[in-house]
Every structure is written in structure tokens, then in C-alpha cells.
Amino acid sequence: MLTIALEKLDFFPANRVTDDTSILTLKNLVFEPLLRWQPGGRVGPALFSRWTHDDAGRRWRFFIRPEARFHDGELCRSQHIVDFIAGILNSTDMFGMKWSYARYLAQAKISVAPDNSVLVDNPEPLADILDIFSEFYICRENAAGEAVLGTGPYRVEEFQRSTSATLASDTGKRILVRCEPRAEGRYELLKSGAVDAALNLERMHGIIDFDPRWRWVRALNTLSVMYYLNCREGLFASPEARLAVNHAVDRRQLIETLFQGLGAPAATIVSPFHLGMAEPIAPIAYDPDRARRLLDHAGGPAEVSLRTPLFMPERAPGISAFVAEALGRVGLSVTIETETDRPEYARQVGRKEIGDMAIFDSSPQSTYRVLNDKISSVTQGVWWQGYDDAETERHIAAANRAVADDDRERAYAACLRRLNAAPPWLYLMHPTDILATRPDLSRLTIDHKGTLVIP
């Protein structure tokens, strides 16, 4: 039996989507996504084994993997998929806010089709359905009302929320999952021999020792740590001021100082593993002299209010202190406002109550989703903070119409290059996830979503 330690242990209701790495690890073992996200932002088969579409990209047909069955033996049918999607579209997220999926698919008709397939009809091209479906993990509830019945490689034999779970495969492999919220506690479980692998050790408060007695695995995460900038009013209504603060912060020094060098500077709104990033984009250079010149030209107030929670992202107060000091060196006077209620902080950001700037993290693996939810002045999604750039909108419109994979890559790349030149946010970094295992578990790894991969 393989024993692993996770920060969280839960099987959420079927209509709840999450980016939490612990929950995703469990989902990938027990459930299957409709389509499987791959580094580079394209997708491969999963529960949907194949798909077709018309030339315009308005009609998509997805075929369920033959003989896919839930762990209680029930055959997975297209009606299961249609009902599951309907549940998500009518639900809210962990902060009580409406999922954006309902907006993406507002005009789409999703229906059961012959040969155990699902039909998606939309009046406009919808190749981005591939991104959306990679985030839907199909499951059903058992007799106890727990959403633990999937079609994945492991079935749930025992489950105690926030405590432990036992998973078993048809080939006789078993996994014991233990919940330990503290990263230091997970590391101690590994060192004591109580577990074979411990995830998310990058979240330890102190220095990570990288003790050679253990096998260490590192993977850069797709998550973006950034600051929303208030593009509607105040200093950051000026494009030059937004570019200036991106020149003012030494991202590499931030990563070295607060994260032991574990991370990579961000260059645009998404990570190097997103669709549109096949050709790398260089981060905005640290250049405080240019930052001062841009601020002088932009004019506007020199006082800036910076908002931060205590966590999510990790080390948020420390990052905010670092950024405030950097902005002070280019002539800005920064006041830090701390919100201790993290869910309320998210709701405030959704209500555009960010002061001049507010630290946040951007987690979707879909370039389409980040643009739609956070950047586009046409959609003005829940996280949009007033950014309005005509050239960006032209690129977004072209990307939304692209259907073939290569065409989508090129179109989204144009969006991302423009957003590097005309940033809506203060870009900071992508963190590194850390897994530690017994030295003999050489095949155990993590992906760029932070999810444990068990061959």
C-alpha cells in the first residue's frame, strides 16, 4: 500500500469545481475529466475518448469511452454527462459567487446524442469548449450522499472527511491518503516513516532543507501570483503607470527572498504551460529608472493603496511588503490594507473593491478563461478591473473564433504578447510545487497543476 499525505482531504459535491491541488490529486485518482489538460494548453482524450466538430466550430460531438463504468458497475451514459454539466452551470463557487461556466455556455445547447455521445451546439464558434471540459470531473453520489463514484483507476473503499481515505484499483493496488493541514506536519510524517510521500512542502514556513535522505520532486505551477490594478480610476487608469510598476519590482529577487528561489517570474497573464505560450515571452525587465520616467510622464497621484489577505496566495503579506518597498523606491507612497477574512476578500475583489491594487492568484489552466473572466472589457467578467484596450479586444475576438489547435495557439499568443506590452496587472511569479518521497519511489511525480501522478 502506498501512503500519501495531503493538505486537504475531501470529495466535493458533484457541482463544485476546484483548483485545489490536494482535491485535484484525489479527483485524478478516482474520477476522470471529460478531457485531459496537457502542458501547452491543449487537451487529450479522457472520459471522452474522441470528438468531432463542424468546420465552423459551432457543433461539437463528444463520444464517451466505450464501456466506461462507475465504480458501482453502472455504465456511464451521455445523460449522466448532460445532467452533471447542468448541475455545475446552476451552482456557485466556494465564495458563494456564480460560476463563470454559465456565462461561457449561456447560448449553448448540450444534449444527449446517439452512440453514447454528447452534442454541444452554439451559435458562435466554441473551440474553447475543450478547455472547459478539461475541468469537469464526472462523478455520482453513493447511497450515503457522498460524491465518490467515478470512472477513474481507483475506487473509494473508505472515506473520512479531513482525516483519511483508502483507495483501491481493480489490479489490487491500494492507496492510503492521510490529511495533515500543516506542511511541516506532512514532512514530519514522511521523516517518521508514517507516509511514503508528502505533497505541497513548498508551503512550509521555514527553510526547506532538501534532506538527501528523501527524493525531492519540483514542478513549476501554472498558477500566477499577481496584483490586480484598478484600471478604472486613480494612478493605474494610466497604461504608462501600469507598465511602470511592472518595471519597478525585481521579480527574481522576490522569488529568492521569499521563496528560496523556487518559482519563475511571470511575463503575462498566464504561465509558460498555457495555450499561446509555445513561443516564450520574456518577463518585463526590472528597470526602476524607466519606472520613474514612466510615472513622471503618466502624472497622477503618488499615493497608492495596496490590499492584501493573509494567505492565498502563499506569503501574501510578505509579498505585499516587498512590493510596497519596491514601489517606494520609484517614488510612490504605499499604504497596505490587510483583510483577515479570505472569502470576504475574494468577494471584495469581485465587487471591484481593490483600492489601487490587490494581490490575488489566477489559477485557471485555460487561457480562454483568464481572458474572459479577468481581462476582456466586452465580457466584463467578475474579476475584470476596468482594463480596456482595443488592440487586446481584437486579439481576443480572433482567438475566440479560432477552431484548429494551431490557429488557437497563434491567436492566443497574439493576446498574450499584447498583454506583456500593455499589462493590466502587476505580474509577479509562478510558484514551484514540491513533493518529497521515499528514495525508492522513482516513478512518483507531480504535474504542472500540482497534482500527484501515479503511473
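Here is a short report on the structure shown in this document. Note that the structure is a prediction, hence the values are computed from the model and not measured.

1. Concerning the nonpolar core
Part 1 of the reasoning: With 133 residues, the main nonpolar core has Ile81, Phe133, Phe136, Ile269, Val323, Met357 and Leu428 as its most contacted residues.
Part 2 of the reasoning: Discounting chain neighbours no more than four positions away, the residues touching Phe136 are Val17, Glu32, Pro33, Leu34, Phe84, Ile85, Ile88 and Tyr101.
Part 3 of the reasoning: One finds Leu190, Phe210, Ile434 and Ala436 within the second-largest nonpolar core, a separate group that totals 16 residues.

2. Examining the pairing of strand S14 (residues 215-220)
Part 1 of the reasoning: Of all 6 residues making up S14, 5 are buried, and the element is well covered by its neighbours.
Part 2 of the reasoning: Bridging between S14 and strand S20 (residues 425-437) involves 6 bridges; their strand directions are antiparallel. Across the sheet, Trp216 pairs through a bridge with Ala436, a residue of S20.

3. Observations concerning the packing of aromatic side chains
Each pair of aromatic rings is reported with the distance of its centres and the angle of its planes.
Part 1 of the reasoning: Tallying each qualifying case throughout the model produces 20 aromatic pairs.
Part 2 of the reasoning: The interplanar angle of 85° and the centroid separation of 5.7 Å between the aromatic rings of Tyr228 and Trp425 together place this pair among those described as edge-to-face. Of this pair, Tyr228 sits in strand S15 (residues 224-229) while Trp425 sits in strand S20, placing them 197 residues apart in sequence.
Part 3 of the reasoning: Note on Tyr228: relative accessible area 1%, which makes it buried.
Part 4 of the reasoning: Over the ring of Phe70 we find Arg140, and its NZ or CZ is 4.8 Å from the ring centre.
Part 5 of the reasoning: Just above the ring of Tyr187 sits the side chain of Lys191; from NZ or CZ to the centre is 4.4 Å.

4. Quick word on the packing of helix H7 (residues 251-259) against helix H9 (residues 316-329)
Part 1 of the reasoning: Remark: H7 packs on H9, axes separated minimally by 11 Å, with the N-to-C direction vectors making an angle of 140°. It follows from the interaxial angle that H7 and H9 lie oblique. Relative to H9, the crossing made by H7 is right-handed. Note on element contacts: H9 touches H7 through Gly318, Ile319 and Phe322, opposite Gln253, Leu254, Thr257, Leu258 and Phe259.
Part 2 of the reasoning: Of the residues belonging to the contact of H7 with H9, the class tally is 5 nonpolar, 3 polar and no charged.

5. Observations concerning the side chain of Asn230
Part 1 of the reasoning: If you trace the backbone, Asn230 turns up in the loop between S15 and helix H6 (239-248).
Part 2 of the reasoning: We classify Asn230 as buried; its relative accessible area is 4%.
Part 3 of the reasoning: If we ignore the near neighbours within four places in the chain, the residues touching Asn230 are Phe236, Ala237, Ile354, Gly355, Asp356 and Gln385.

6. Observations regarding the environment of Thr166
Part 1 of the reasoning: Topologically, Thr166 is positioned in strand S11 (residues 164-169).
Part 2 of the reasoning: Classification of Thr166 by relative accessible area gives buried; the value is 11%.
Part 3 of the reasoning: Residues Thr166 and Arg443, spaced 277 residues apart in sequence, show a C-alpha to C-alpha distance of 21 Å.
Part 4 of the reasoning: Discounting chain neighbours no more than four positions away, the residues touching Thr166 are Met1, Arg155, Val156, Glu157, Glu158, Arg174, Ile175 and Leu176.

7. What about the state of the cysteines?
Part 1 of the reasoning: This model, assessed by the stated rule, comprises 0 disulfides.
Part 2 of the reasoning: Take Cys139: it sits in no disulfide, and the sulfur closest to it among the cysteines is that of Cys76, at 11 Å.

8. Remarks on the pairing of S20
Part 1 of the reasoning: Of all 13 residues that make up S20, 13 are buried, and the element is covered over most of its length.
Part 2 of the reasoning: Where S15 and S20 come together, 4 bridges link them in antiparallel fashion. Residue pairing for S20: Tyr227 is matched across the bridge by Leu426.
Part 3 of the reasoning: Both strand S16 (residues 263-265) and S20 contribute to a ladder of 3 bridges, which runs antiparallel. Bridge pairing links Pro265 to Met429 in S20.

9. A closer look at the pattern of salt bridges
Part 1 of the reasoning: Counting across every chain of the model gives 35 salt bridges.
Part 2 of the reasoning: Between Lys8 and Asp20 there is a salt bridge, with its nearest N and O atoms 3.0 Å apart. With Lys8 in the loop between strand S1 (2-6) and helix H1 (21-30) and Asp20 in the loop between S1 and H1, this pair connects stretches of sequence that are 12 residues apart.
Part 3 of the reasoning: By relative accessible area, Lys8 is classed as partly exposed at 38%.
Part 4 of the reasoning: The class for Asp20 is buried, based on a relative accessible area of 15%.
Part 5 of the reasoning: Residues Glu314 and Arg203 are paired through a salt bridge, measuring 4.0 Å at the closest nitrogen-oxygen approach.

10. Here we look at the sheet that holds strand S8 (residues 117-121)
Part 1 of the reasoning: Sheet architecture is open: 4 strands sit in the order S5-S6-S8-S7, paired in antiparallel fashion. Of all the strands in the sheet, the pair left with one neighbour each is strand S5 (48-53) and strand S7 (109-113). With direction set aside, neighbouring strand axes in the sheet form an average angle of 20°.
Part 2 of the reasoning: Pairing geometry for S7 and S8, over 5 bridges, is antiparallel. Residue pairing in the sheet places Val112 in a bridge with Val118 of S8.

11. Overview of H6
Part 1 of the reasoning: Burial of H6 is extensive: 8 of the 10 residues sit out of reach of the surface.
Part 2 of the reasoning: Buried within H6 we find Ala241, Arg242, Leu243, Ala244, Val245, Asn246, His247 and Ala248.
Part 3 of the reasoning: Against the buried residues of H6 lie S15, H7, helix H8 (288-298), H9, helix H13 (405-421) and S20.
Part 4 of the reasoning: N-cap assignment for H6: the residue whose side-chain oxygen lies 3.2 Å from the backbone N of Glu240 is Ser238.

12. Comments concerning helix H2 (residues 78-89)
Part 1 of the reasoning: With 12 residues, H2 should cover 16 Å at 1.5 Å per step; its first-to-last C-alpha distance of 17 Å lies within 8% of that length.
Part 2 of the reasoning: Taken residue by residue, H2 has Ser78, Ile81, Val82, Phe84, Ile85, Ile88 and Leu89 as its buried positions. All buried residues of H2 lie within an arc of 165° about the axis, which places them on one face of the element.

Calculation notes
- Residues numbered from 1 in each chain as written.
- Predicted model: local features only at pLDDT ≥ 70, side-chain atom pairs only at ≥ 80, totals over all residues.
- Heavy atoms only, no water.
- Core = buried A, V, L, I, M, F, W, Y, C linked by side-chain atoms within 4.5 Å.
- Buried < 20%, exposed > 50% of the residue type's maximum accessible area, 1.4 Å probe, protein only.
- Contact = heavy atoms within 4.5 Å.
- Helix = DSSP H or I, 4+ residues; strand = E, 2+ residues; numbered from the N terminus.
- Pairing = 2+ DSSP bridges.
- Phe/Tyr/Trp six-rings, centres within 6.5 Å; stacked < 30°, edge-to-face > 60°.
- Lys NZ or Arg CZ within 6 Å of the ring centre and 35° of its normal.
- Axes fitted to C-alpha atoms, helices over the stretch in contact; angles between N-to-C directions.
- Parallel < 35°, antiparallel > 145°, perpendicular 65-115°, else oblique.
- Left-handed = near helix turned anticlockwise from the far one by under 90°.
- Nonpolar A, V, L, I, M, F, W, Y, C, P; charged D, E, K, R; others polar.
- Disulfide = S-S within 2.5 Å.
- Salt bridge = Lys/Arg side-chain N within 4 Å of Asp/Glu carboxyl O.
- Polar contact = N/O pair within 3.5 Å; in protein donor to acceptor, adjacent residues only side chain to side chain.
- Expected span 1.5 Å × (residues − 1).
- Arc of directions from axis to C-beta.

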